[in-house]
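The lines below spell out each chain.
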2 protein chains.
Amino acid sequence: MKKREYNDGCATAHALDIVGERWALLIMRELMLGPKRFSDLRASLPGISANLLTQRLEGLESVSVLRRRKLPPPAASWVYELTEWGLESEKMIKEIGRWAARSPNMVPGKQMSVNSVILSLRTMFNADLAEGLDFTLGMRLGEQEFITRISQGMLEIDHGEASRGDVLLICDQNALAATVYGGVPLDQLIDDGAIQIKGDKNLLERFCRLFPLPDTAPDLHS
Amino acid sequence: MKKREYNDGCATAHALDIVGERWALLIMRELMLGPKRFSDLRASLPGISANLLTQRLEGLESVSVLRRRKLPPPAASWVYELTEWGLESEKMIKEIGRWAARSPNMVPGKQMSVNSVILSLRTMFNADLAEGLDFTLGMRLGEQEFITRISQGMLEIDHGEASRGDVLLICDQNALAATVYGGVPLDQLIDDGAIQIKGDKNLLERFCRLFPLPDTAPDLHS
DNA sequence: CGGCATCCGGGAAGATACTG
DNA sequence: CAGTATCTTCCCGGATGCCG
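Residues numbered from 1 in each chain as written. Chains lettered and ligands numbered in written order. Predicted model: local features only at pLDDT ≥ 70, side-chain atom pairs only at ≥ 80, totals over all residues. Heavy atoms only, no water.

## Regarding empty space enclosed by the protein
Then, in step 1: One pass over the full model with this rule turns up 2 cavities of 30 Å³ or more.
Then, in step 2: Taken as a whole, the largest cavity holds about 40 Å³ of empty space.
Then, in step 3: Along the lines of polarity and charge, the residues of the lining of the largest cavity split into 5 nonpolar, 1 polar and 1 charged.
Then, in step 4: Estimates place the volume of the second largest cavity at around 30 Å³.
Then, in step 5: What lines the second largest cavity is simply Met-106, Val-107 and Lys-110 of chain A together with Asp-8, Gly-9, Cys-10 and His-14 of chain B. (1 Å grid on protein atoms, 1.4 Å probe; cavity = no way out; pocket = protein on both sides within 12 Å on 5 of 7 lines; lining within 4 Å. Points joined across faces, edges and corners; volume = space filled by probe spheres on them. Nonpolar A, V, L, I, M, F, W, Y, C, P; charged D, E, K, R; others polar.)

Below is the structure:
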């Protein structure tokens, strides 16, 4: 056993062999919405060292989770992107997040990356609460733009021109998380200047209530 | 940051903080079908040291994933059991296994624990293929007995008296995996003495075809 | 800017031995 | 059986420096 592996026929154990190392799953999370460059990855993973990021990218490439691709000129830089199979890990990553959302040890209010907020919306979206709704919402979160479509009880969020939405939301990802998950009133964030809106504010308020968090599980040592 | 944590508000990152350490998820897998004692756990996790198992159990208890409980006399020994929330991780663990089942690096034929085989059946069960089937199957896998019920396109497997099934299967878990996943003909395993059957063999053969594996994802370096 | 190479300290993992 | 104690090894994380 050279590369410290569980020698176990179980598929879950195999998953841990290939994506169980520190940072691996978070790197995949950061690539879930599209390819990124080395420094973008590094910027969205607070605390990882360049060294380790290199190692992980090599490891994940060697097991066919992601590939390294050269952008056409004039960009000419390298990007990392998930393979199709790598992309399929979204279900698993969401299920992990859904489970952990009930953790009694989860501390709210910590910083999140743009990608984690978007993925958390995809995870916690409650179709029943969205019945009858039909609209699009543009989001400008820092450098990135997203377009969200809610119709027929379905949610889609992808990169796209934010200005094309029925409503436009401009803020940073933590402000969005604060109102969707933290219950901070939208008006307060607008007054603070943390959030800017163009369009129907009521639509946005309804949007924010579509992502209820589950109850926290009992803490055995509280 | 004492205990090496991702300082990330993302629920998936939090999950890694609490169950991302080596062995943690496999310990949970081993407790998924019911409480176990220290040495049973150790026996079903080939390669873990007593040392580390102690640490992990303490860690998982401290985050309310499992609890330590003293059995009533005359047993009077300690067992470890998942909390309700810990049990809810089954969906996540299955989703991880389902994803990894497509890995191009998965080597078939490795040893599996009894619990992993049972959980893999729960994971890979295909409801469409079970339409119209209605029977029970008892399984005696080493020391453990299970009763499986298939009806209305649903599968249930739990600990229970194997002899009460319409069919009884006696074998070790690797033989079961070999025929269900490895495509080894039942007859061959019977001839080898690896499997014993009491009851309708055809029923068992149909059972074995209810758990198709997904296609393997492309290997970038093949 | 976008990495790769190297070194170094600390801590986690693994092996072995031992105890109640 | 159910763990401790000890020791070694290896991985992680940080810093620095090199190179295209």
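## Details of the interface of chain B and chain A
Then, in step 1: Between chain B and chain A, the contact holds 56 residues from the first and 56 residues from the second.
Then, in step 2: For the chain B face of the interface with chain A, the top three residues by lost area are Tyr-6, Trp-85 and Trp-99 of chain B, together amounting to 16%.
Then, in step 3: Joining chain B to chain A, the criterion identifies 6 salt bridges.
Then, in step 4: Its salt-bridge partner being Asp-8 of chain B, residue Arg-29 of chain A comes within 3.2 Å of it at the nearest N-O pair. (Contact = heavy atoms within 4.5 Å. Buried area = accessible area lost by both parts, 1.4 Å probe. Salt bridge = Lys/Arg side-chain N within 4 Å of Asp/Glu carboxyl O.)

## With respect to the protein's contact with DNA strand D
Then, in step 1: The full set close to DNA strand D counts 17 residues, and Arg-22, Leu-52 and Arg-56 of chain A together with Ser-39 and Arg-68 of chain B are the nearest of them.
Then, in step 2: Considering DNA strand D, the proportion of its atoms within 4 Å of the protein that are sugar or phosphate atoms stands at 77%.
Then, in step 3: Here a phosphate oxygen of DNA strand D sits 2.9 Å away from a polar atom, N or O, in the side chain of Tyr-80 of chain B.
Then, in step 4: Elements represented by at least two residues in the surface near DNA strand D include exactly helix 4 (50-62) of chain A together with helix 3 (38-44) and helix 4 (50-62) of chain B. (Near = heavy atom within 4 Å. Polar contact = N/O pair within 3.5 Å; in protein donor to acceptor, adjacent residues only side chain to side chain. Helix = DSSP H or I, 4+ residues; strand = E, 2+ residues; numbered from the N terminus.)

## Focus: the relation of the copies chain B and chain A
Then, in step 1: Overlaying chain B on chain A yields an RMSD of 0.0 Å, the required transformation being a rotation through 180 degrees with an accompanying axial translation of 0.0 Å. Taken together, the turn and the small shift mark the pair as related by a two-fold rotation axis.
Then, in step 2: A symmetric contact is evident, with 100% of the interface residues of chain B recurring at the interface of chain A. (Least-squares fit on C-alpha atoms with pLDDT ≥ 70 in both.)

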